[in-house]
Amino acid sequence: MSTAVLDRPADRVETDELVRTLAAGRRRRALLLVLALVAALVAAMAVRVLLGRYTVTIPDFLAILGGATIPGATFVVMEDKLPRAVLGALAGLAFGASGALFRRVLGNPLASPDILGISHGASAGAVAGMAFWGLRGVAIIPAALLGSAVALALVLSASAGRHTGIVGQRFLLGGVAVAALGTAVVTQLIARLPLAGAQEAAVWTVGSLSGASAQRIVWLAVTLALLLPLAVWLHSALRPAELGPELAVGLGSRPVPTRAAALGVGTVLAAAATAVAGPLAFVALLATPIATALGRGRPRIVAAALTGAVIVVVADIVASEALTTVDLPTGVVTGALGAPAMLWILLRSRKVA
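Rules of the game
Residues numbered from 1 in each chain as written. Predicted model: local features only at pLDDT ≥ 70, side-chain atom pairs only at ≥ 80, totals over all residues. Heavy atoms only, no water. UniProt positions renumbered as here; feature names shortened; annotations may be inferred. Helix = DSSP H or I, 4+ residues; strand = E, 2+ residues; numbered from the N terminus. Expected span 1.5 Å × (residues − 1). Bend = angle between axes of the 7 residues up to and from the residue. Buried < 20%, exposed > 50% of the residue type's maximum accessible area, 1.4 Å probe, protein only. pLDDT = per-residue confidence, 0-100. Contact = heavy atoms within 4.5 Å. Axes fitted to C-alpha atoms, helices over the stretch in contact; angles between N-to-C directions. Parallel < 35°, antiparallel > 145°, perpendicular 65-115°, else oblique. Nonpolar A, V, L, I, M, F, W, Y, C, P; charged D, E, K, R; others polar.

Looking at an unreviewed UniProt entry, one finds the protein chain named Iron ABC transporter permease, with Dietzia cercidiphylli as its source organism. Check the Sequence similarities (unreviewed entry) section of the UniProt entry for the protein chain; it says "Belongs to the binding-protein-dependent transport system permease family. FecCD subfamily." Its UniProt record, at the heading Subcellular location (unreviewed entry), says of the protein chain: "Cell membrane".

See below:
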């Protein structure tokens, strides 16, 4: 008996060292994944800016950034290629982070702002601003934010219950209903617009980076600078809630207010990206499972945000350069990628169940 007692401290030390080693290995892999995703994003943005139908050499690109004027090249780079690449990366970061928050709060692989009606609400608010008040450009951002807030309030009202609260299948079902309602509202509002306005709204509601501008870039960059650190903290703070409400409270967590804050931040991130780039379909849905697979099953919001950015920039390359004569809206490509991915997620969830 005494020998076993004497051996316990040594066993505990070995166990602690093993835990620290495993934790250090996970952190190292997470850092390598983030660095790899940053490199992939930089590479995708470089391809978007330098290659395509109008190619730009690296020396010319650096000269343009330095203020030089090169006929043709300066306009293409500064007015089209570079703004679209930057706005696509920022919108992807916002959608990816939003999707990671929604998925952690709801614990469902289909939980994302585009499935739950948040993006549809932002679209309805933006198109309402176009139809009733003639808003254009960055002026539609407040209308999109208001629309997303109304959509979230409707989903919460439809899903709240004595036992389910804001988490569960009822939230998802309420979100699908609100998404259908938002689509119907957008369709009716577009029918009220004149032909030119209807065409602009139709392209925007699919999701497009063609309207990239310095104002939109600055606005979304400021939003991300304010909310992305908060989103990272909330995502980490929600980890104990996965053990159950009782254990989470015992560990000092406050799951209910933390979930509410996470939903609010996720909603604003999705609405901000939708307001400047339109509802790029399935980016928020795809980013988290891809990042989780790359991270060996450990979902991290930074990786999800970077994955969303890579998806949007690559989709914009395909949309603008794949066909030689037609520029497709970026949302067409993300939607084409997301539809089979959503079916795969459903089938995988069924097998797990």
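Colleague: Mind showing me how you'd approach helix H3 (residues 73–106) here?
Modeller: Compared with the 50 Å implied by 1.5 Å per residue over 34 residues, the 47 Å span of H3 between its first and last C-alpha is a close match. At Leu-82, H3 shows its strongest bend, of approximately 35°, with the proline Pro-83 following within four residues. Within H3, 27 of the 34 residues are buried, leaving the element largely enclosed by the surrounding structure. Two residues or fewer past H3, Gly-107 is found with a positive phi of approximately 65°.

Colleague: Looking at this model, I keep getting lost on the confidence of the model for the protein chain. Mind explaining?
Modeller: Confidence in the prediction for the protein chain averages 83 pLDDT; 83% of positions are at 70 or higher. Predicted confidence is poor over residues 1–7, with pLDDT under 50, and the contacts of this stretch with residues over four places away or in other chains come to 0 contacts. When the criterion is pLDDT under 50, residues 245–252 qualifies, and its contacts beyond four places in sequence or with other chains add up to 7 contacts.

Colleague: Please clarify how helix H6 (residues 169–192) should be interpreted in this entry.
Modeller: For an α-helix, the turn length of 3.6 residues means that residues three or four places apart are oriented alike. In this model, H6 (24 residues) spans 35 Å end to end at C-alpha, consistent with the 34 Å of a helix rising 1.5 Å per residue. Taken as a whole, H6 has its buried residues at Phe-171, Leu-172, Gly-174, Gly-175, Val-178, Ala-179, Gly-182, Val-186, Leu-189 and Ile-190.

Colleague: Looking at this model, I keep getting lost on the packing of H3 against helix H11 (residues 283–294). Mind explaining?
Modeller: A pair of packed helices can be characterised by two numbers: the angle between their axes and the separation between those axes. Interhelical geometry of H3 versus H11 gives an angle of 70° and a closest axis separation of 7 Å. The orientation of H3 relative to H11 falls into the category roughly perpendicular. Only Val-283, Ala-284, Ala-287, Thr-288 and Pro-289 of H11 make contact with H3, whose side of the interface consists of Phe-95, Gly-96, Gly-99, Ala-100 and Arg-103. In the contact of H3 with H11, the residues fall into 6 nonpolar, 3 polar and 1 charged.

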